[in-house]
Amino acid sequence: MQSMYTQQDEKRLYDQAKHLLTLPTGNEEQMIDQLREVINYADWKYYVQSEPVLADQEYDALFKLLKHKEDQFPELVTSDSPTQRIAKGISERFPTVSHLVPMLSLDNTYNAEDLTDWDRKCKELAEVDAIEYCVEPKYDGASISLIYENGALSRGATRGDGVMGEDVTTNIRQIKSLPLSATLVAKGVEQIEIRGEIVIHKNVFEAYNKQRVAEGLSPLANPRNAASGTLRILDPAEVRKRGLSAVLYHISDYTLAAGAQRPEGLDTHYGSLRWLYNMGFPTPVNEMKVFSRIDEVIAYCAAFEARRDSLPFEVDGLVIKVNNFVMQDKMGMTSHHPRWAVAYKFKARQATSKLLRVEFQVGRTGAITPVAKIEPVPIGGVTVSSVSLFNEDVVREKDVRIGDTVLVERAGDVIPYIVKPLTELRTGNEEEIKFPTNCPVCDSVLEKQPEEAAWRCINISCPVQVAERMIHYVSKDAMDIRNFGGANIQKFYEKGLLTDVPSIYHIDWETVRSLGGFGDKSITNMQQAIDQSKTQTLNRLIFGLGIRFVGETTAKTLANAVANIRELYDWDIEKLSTLEDIGPKVATSVVDFFNRHENREMIDKLDASGVNLINHHKGEEATTGALTGKTFLFTGTLSQFKRSDAEAMVEAKGGNILGGVSAKLNYLVVGEDAGSKLEKAKKLGTVNILTEQEFLDLMNTAE
Ligand code: IVH
């Protein structure tokens, strides 16, 4: 069967991408078209096929070049250009719209017997002896309806009550796996309504939650809530950042142009999703199976359930659909669900249990977290006895009380959370959860900032905080000191062998030996791991310092901006805010951290112990080719490319364009008849002078 792109197409588009990265000149309109085609192809490879063809930087460079060209020629902007996913305005609210066809739900089955019954009923309704079934994952996200008119995405709506939904088109346009246009017109299709699910990759969800926690926010409960919540965010730029994906699994309606033939494949469910896939739509073709007998379906369901955790998305079951459309029509629908489809639900990852008491834990930053201790209950193969309640707002919002029977959910690999208390089971003896006024560890009075959800112990010498800071410092994503986990730190800290982060490098190993329980081998392993951490990269060190609101991503941004950590002592809020993704809240926290005498002292001690404070990568950039922090200036008449394109390309790769020749300039690119700028640069002697070709070579190696 023909695919979205032929092998030749793919090769051509890949070569075209590489060619565009070398800054060609020529017909602008043609180049804009080529850029769009290449970016759409790269999006499809990345989001639909999960096989990226371009490095992130290459993709960004092409995207910025297209943006730059469209800014120059606004009349050439089309509504389906990849740049138009980014909506500028912030919508005020979502208008209500009616669905072309009501969005029905699915009937559920839970075991082999239910499925055998369903198979029998299907055969009765269709008046046949054998039915071909199509089985596909039941994605746990937010359902949506998409309408494409004359080939272009014209509307995206949430399910709502099934008849009316919210028009979330602007947000839907942020989802890169959804094509903004498709070759539907050529296939004779005037209008089509497609159903699907908006989902968040588990790893995207985890990374997002990590960031939220680093920023002092409570994590979102599960990928499903995150997906449906994100669809309703009023700021499309924020929606874009959250990295939603889409999976389309049903064509609910289509209109053909007068005289057009029904496209081939639109006679079965499998054929219809293949047909969509071949046009670039994300459909689960690679996760679909067709069976001719229900016992095969049943065996597949059991096997699939066993590997549910290995899928990138949350899946809460499988959907079994009658493959043939004529048969589907004959079977029809109830007011609630189609009779030709059924969900096979996996074992619940929810359970009820009793909330026994609440403990208050002190975190690394002093935040107090209420943790519900519940009667141990197995959920999806794991016994759960402790569930975080995150903060006081969450407790109040859910109105959970001690003694309540609570519904607990564990979504995939995600931490368990309390969905709600079952208020109908209350006896009247339940007690309100009281928040402490003093730190449960050091007894300092707790404080709460008006805009924050968490109460905090602000005593930075609070023993738990000191220990937690060390545990964070050695953790896998920070300095990655293996064989030296929380238990050892706790023990050494209690024995006075550790006092603060720098003391990790001055442990009295003789005393450790005398403690018992540590053999020569384990001591050598710890010593080696501690020693190796001295050469860790600067971003890991910055993350490991545990600066509030500084997660792994922000730590990388900060590390990339300096050659030595001490440079950050002089950065003010304004300067920090020029860095990507650093807002005033993070900037303030960073400034506060580096202004504190005790933190500078800690950095001095780490330095004295031989811990790396330098961004080596930054020093090597000229040879490795990354342009971050590098400055460029173009002069003279350029013949091989346009100045503005070249400038856009430099910026896309992280470099800056300067207005004149100064000691700050790294590269001067000279065309013909270069004048005073070239003279000045020669005189300075510190500027690299490049011909156009040398510049192009540099750009090609800059990764
Ligand atoms: S078919 C008429 N297929 O599950 C078409 N639904 O519990 C009915 N869902 O509302 C839907 N994956 O949001 C279908 N592969 C899949 C699905 C799927 C997830 C959702 C959908 C539906 C809900 C019913």
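Look above for the structure.
What this report covers is the structure whose coordinates are included nearby.

Conventions adopted
Residues numbered from 1 in each chain as written. Predicted model: local features only at pLDDT ≥ 70, side-chain atom pairs only at ≥ 80, totals over all residues. Heavy atoms only, no water. Pairing = 2+ DSSP bridges. Helix = DSSP H or I, 4+ residues; strand = E, 2+ residues; numbered from the N terminus. Contact = heavy atoms within 4.5 Å. Axes fitted to C-alpha atoms, helices over the stretch in contact; angles between N-to-C directions. Expected span 1.5 Å × (residues − 1). Buried < 20%, exposed > 50% of the residue type's maximum accessible area, 1.4 Å probe, protein only. Arc of directions from axis to C-beta. Salt bridge = Lys/Arg side-chain N within 4 Å of Asp/Glu carboxyl O. Phe/Tyr/Trp six-rings, centres within 6.5 Å; stacked < 30°, edge-to-face > 60°. Lys NZ or Arg CZ within 6 Å of the ring centre and 35° of its normal. Near = heavy atom within 4 Å. Polar contact = N/O pair within 3.5 Å; in protein donor to acceptor, adjacent residues only side chain to side chain. Areas by Shrake-Rupley, 256 points an atom, 1.4 Å probe, with all protein chains shown as cover. Nonpolar A, V, L, I, M, F, W, Y, C, P; charged D, E, K, R; others polar.

## What about the sheet that holds strand E20 (residues 656-657)?
Then comes step 1: The strand order E20-E19-E21-E22 describes an open sheet built from four strands, whose pairing is parallel. Two strands bound the open sheet, and with one partner strand each, they are E20 and strand E22 (688-690).
Then comes step 2: Examined bridge by bridge, strand E19 (residues 631-635) and strand E21 (residues 667-670) share four bridges and lie parallel to one another. Across the sheet, residue Phe-634 finds its bridge partner in E21, namely Val-669.
Then comes step 3: Sheet strands touched by helix H24 (residues 643-652): E19 and E20. Its angle to E19, the strand with the most contacts, is close to 175 degrees.
Then comes step 4: Sheet strands touched by helix H26 (residues 692-701): E19, E21 and E22. Its angle to E22, the strand with the most contacts, is close to 105 degrees.

## Examining helix H4 (residues 112-126)
Then comes step 1: In a regular helix each residue adds 1.5 Å, so 15 residues correspond to 21 Å; H4 covers 21 Å between its end C-alpha atoms and thus fits that length.
Then comes step 2: Residues of H4 that are buried include every one of Leu-115, Trp-118, Asp-119, Cys-122 and Ala-126, and no others. End-on view of H4: buried residues confined to an arc of 105 degrees, all on one side of the axis. Exposed side of H4, more than 90 degrees from the buried face: Glu-113 and Glu-124 are the residues found there.
Then comes step 3: Each element contacted by the buried residues of H4 is listed here: strand E2 (107-109), strand E3 (133-139), helix H10 (294-306), strand E10 (315-322), helix H11 (325-331) and strand E11 (341-345).
Then comes step 4: Trailing H4 by a residue or two, Glu-127 shows a phi angle of about 55 degrees, which is positive.

## Remarks on the pattern of salt bridges
Then comes step 1: Throughout the structure, instances matching the rule amount to 43 salt bridges.
Then comes step 2: The closest approach of N and O atoms between Lys-347 and Glu-305, which form a salt bridge, is 3.5 Å. You can see Lys-347 sitting in the loop between E11 and strand E12 (350-362) and its partner Glu-305 sitting in helix H10, a full 42 residues away along the chain.
Then comes step 3: Looking at Glu-305, the relative accessible area reads 14%, which means it is buried.

## Things to note about the packing of aromatic side chains
Here the distance between the centres and the angle between the planes together describe a pair of aromatic rings.
Then comes step 1: According to the stated counting rule, one finds 22 aromatic pairs in the structure shown.
Then comes step 2: On the numbers, 5.3 Å between centres and 35 degrees between planes, the contact of Trp-118 with Tyr-133 is tilted. Of this pair, Trp-118 sits in helix H4 while Tyr-133 sits in strand E3; the two residues are 15 residues apart in sequence, bridging distant segments of the chain.
Then comes step 3: Judged by its relative accessible area of 1%, Tyr-133 is buried.
Then comes step 4: Summarising the aromatic geometry, the rings of Phe-304 and Phe-346 are spaced 6.3 Å apart at their centres and angled 25 degrees between planes, so their arrangement reads as stacked. Remark: Phe-346 occurs in the loop between E11 and E12 and Phe-304 occurs in helix H10; sequence separation between them is 42 residues.
Then comes step 5: Take Phe-346: its relative accessible area is 5%, and that puts it in the buried class.
Then comes step 6: Through successive ring pairs, a cluster of aromatic residues spans Phe-291, Tyr-300, Phe-304, Tyr-344 and Phe-346.
Then comes step 7: One cation-aromatic arrangement involves Lys-585 over Phe-549; the distance from NZ or CZ to the ring centre is 4.7 Å.

## What to know about the site of the ligand
Then comes step 1: Neighbouring the ligand are 15 residues; Glu-136, Pro-137, Tyr-139, Glu-197 and Lys-321 lie closest to it.
Then comes step 2: Measuring from a nitrogen atom of the ligand, one finds a backbone N or O atom of Tyr-139 at 3.0 Å.
Then comes step 3: Measuring from a nitrogen atom of the ligand, one finds a side-chain N or O atom of Lys-321 at 3.0 Å.
Then comes step 4: Surface burial for the ligand is 90%, taken as the share of its 540 Å² of free accessible area covered by protein chains.
Then comes step 5: Where the shell around the ligand is concerned, the elements lending two or more residues are E3, strand E8 (245-256) and E10.
Then comes step 6: Looking at the shell around the ligand residue by residue, the class counts come to eight nonpolar, three polar and four charged.

The values are spatial; any link to function lies outside them.
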